[in-house]
Amino acid sequence: MPVAYFVFNFLVVITFRELAKNKRFLTNFSVATFLCIAVQFVIYFLGLGRWMDGVEDGRYMGTFNDPNQLGFFVMSRFFILYIGYNHLEKQTKLVKFGLFAAFVMTGFLVVQAATTGMLLGLGVFLGCWGVEFVIANFHKAKFFFPLVLVVIFAFAFLAFGGGKLLNLDILEGSFIGQRLEEKLNKVSGENGFYG
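Residues numbered from 1 in each chain as written. Predicted model: local features only at pLDDT ≥ 70, side-chain atom pairs only at ≥ 80, totals over all residues. Heavy atoms only, no water.

Asks: Looking at this structure, how should I read the overall build of the protein?
Replies: In terms of regular secondary structure, the protein is built from 8 helices and 2 strands. For the protein, buried positions account for 30% of its 195 residues. Here the analysis covers contacts within the protein between residues at least 6 apart in sequence; of these, 57% occur between residues at least 24 apart. Of the roughly 13500 Å² that the protein leaves accessible, carbon and sulfur atoms contribute 70%. (Helix = DSSP H or I, 4+ residues; strand = E, 2+ residues; numbered from the N terminus. Buried < 20%, exposed > 50% of the residue type's maximum accessible area, 1.4 Å probe, protein only. Contact = heavy atoms within 4.5 Å. Areas by Shrake-Rupley, 256 points an atom, 1.4 Å probe, with all protein chains shown as cover.)

Next comes the structure, spelled out in structure tokens:
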């Protein structure tokens, strides 16, 4: 069965590479991918989604069986949308706004799902996206480069416990804050990086 899944996924990749050569298909696929994220976002605000263990201040699952499934779904949808965006010939302001809106919705849902792996993935993506933006627009935005470096350094500083040095409790009391603290304590505990 695992071999059959592998072959199926391989065929999906090959088929998609052929279909993606058609710009109309790629545009429609991008719209459908955006709607996948938007539907999960709307479900959250309509109160139709589910929470892990039925506790509303816990981990949000949406229409999935597990918060990690929701987090992976919306994050992978966003990454697919981002790849599609980079292959479009016309990147209008509406398309750029749609990509930004998808990122905001994805980030919101990942935080509600309290999935630390996906949050880390989005954080790394955001850092790389910022660096890529600065490099692509370096001639236009020379004064933005130091600003982006400061922002990336600030996020890294806070992510690795610098907030405690400054007595900042940004996520105190939130479920994602507790989970992040648990994960960071595992890394800095006796077992170190193995933890």
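Having seen it, we continue.
Asks: Quick question: what am I supposed to make of the packing of aromatic side chains here?
Replies: What describes a pair of aromatic rings is the distance from one ring centre to the other and the angle between the planes of the rings. Here the structure, examined in full by the defined rule, presents 23 aromatic pairs. Summarising the aromatic geometry, the rings of Phe41 and Phe108 are spaced 5.6 Å apart at their centres and angled 80° between planes, so their arrangement reads as edge-to-face. Remark: Phe108 occurs in helix 4 (residues 93-113) and Phe41 occurs in helix 2 (residues 23-46); sequence separation between them is 67 residues. Among the residues examined, Phe108 registers a relative accessible area of 26% and is labelled partly exposed. Three or more aromatic residues joined by ring pairs make a cluster, and in this case those are Phe41, Tyr44, Phe45, Trp51, Tyr60 and Phe108. (Phe/Tyr/Trp six-rings, centres within 6.5 Å; stacked < 30°, edge-to-face > 60°.)

Asks: Where do I start with the packing of helix 2 against helix 3 (residues 67-87) in this structure?
Replies: For any two helices packed against each other, one specifies the crossing angle of their axes together with the interaxial distance. The geometry of helix 2 relative to helix 3 is characterised by a closest axis approach of 9 Å and an angle of 150° between their N-to-C directions. The angle between helix 2 and helix 3 places the two elements in the roughly antiparallel class. With respect to the hand of their crossing, helix 2 and helix 3 are arranged in left-handed fashion. Listed contacts from helix 3 to Lys23, Leu26, Phe29, Ser30, Thr33, Phe34, Cys36, Ile37 and Gln40 of helix 2 are Leu70, Phe73, Val74, Arg77, Phe78, Ile80, Leu81, Gly84 and His87. Broken down by class, the residue content of the contact of helix 2 with helix 3 amounts to 11 nonpolar, 5 polar and 2 charged. (Axes fitted to C-alpha atoms, helices over the stretch in contact; angles between N-to-C directions. Parallel < 35°, antiparallel > 145°, perpendicular 65-115°, else oblique. Left-handed = near helix turned anticlockwise from the far one by under 90°. Nonpolar A, V, L, I, M, F, W, Y, C, P; charged D, E, K, R; others polar.)

Asks: Could you clarify how one ought to interpret the side chain of Arg59 in this entry?
Replies: On the secondary structure map, Arg59 appears in the loop between strand 1 (50-51) and strand 2 (60-62). For Arg59, which is buried and forms no salt bridge, the nearest opposite charge comes from Asp66, at a distance of 5.5 Å. There is a polar contact of 2.9 Å between the side chain of Arg59 and the backbone oxygen of Ala113. Within polar-contact distance, the side chain of Arg59 engages the backbone oxygen of Ala114 at 3.4 Å. (Lys, Arg positive; Asp, Glu negative; His and termini not counted. Salt bridge = Lys/Arg side-chain N within 4 Å of Asp/Glu carboxyl O. Polar contact = N/O pair within 3.5 Å; in protein donor to acceptor, adjacent residues only side chain to side chain.)

Asks: Would you explain the nonpolar core in this entry?
Replies: Note that soluble globular proteins tend to have their nonpolar side chains buried in a common cluster. In terms of nonpolar packing, the biggest core is built from 24 residues, with Tyr60, Leu70, Phe78 and Leu99 touching the most fellow members. Going through the elements one at a time, helix 2, helix 3, helix 4 and helix 5 (116-136) are the ones with two or more residues in this core. When near neighbours in sequence (up to four residues on either side) are disregarded, Leu99 contacts Phe78, Leu81, Tyr82, Tyr85 and Trp129. (Core = buried A, V, L, I, M, F, W, Y, C linked by side-chain atoms within 4.5 Å.)

Asks: So what exactly am I meant to see when it comes to a nonpolar patch on the surface here?
Replies: Together, Val3, Phe6, Val7, Phe10, Leu11 and Ile14 line one region of the surface with nonpolar side chains, adding up to about 610 Å² of accessible area. Checked against the element boundaries, Leu11 lands in helix 1 (residues 2-19). (Patch = residues over 30% accessible without salt bridge, like charges linked within 9 Å, V, L, I, M, F, W, Y side chains within 5 Å.)

Asks: Got a minute to help me understand unusual backbone geometry in this structure?
Replies: Excluding glycine, residues mostly have negative phi values, and the peptide bonds linking residues are mostly trans. Although it is not a glycine, Ala114 sits at a positive phi angle of roughly 55°. Turning to its location among the elements, Ala114 is positioned in the loop between helix 4 and helix 5. A residue is classified by how much of its surface remains accessible, and Ala114, at 1% relative accessible area, is buried.

Asks: Explain the environment of Val110 here, please?
Replies: Within the secondary structure, Val110 sits in helix 4. Along the backbone, Val110 and Met61 are 49 residues apart, and their C-alpha atoms lie at a distance of 9.8 Å. Apart from the residues within four sequence positions on either side, Val110 is in contact with Gly71, Val74, Thr115, Met118, Leu119 and Leu122.

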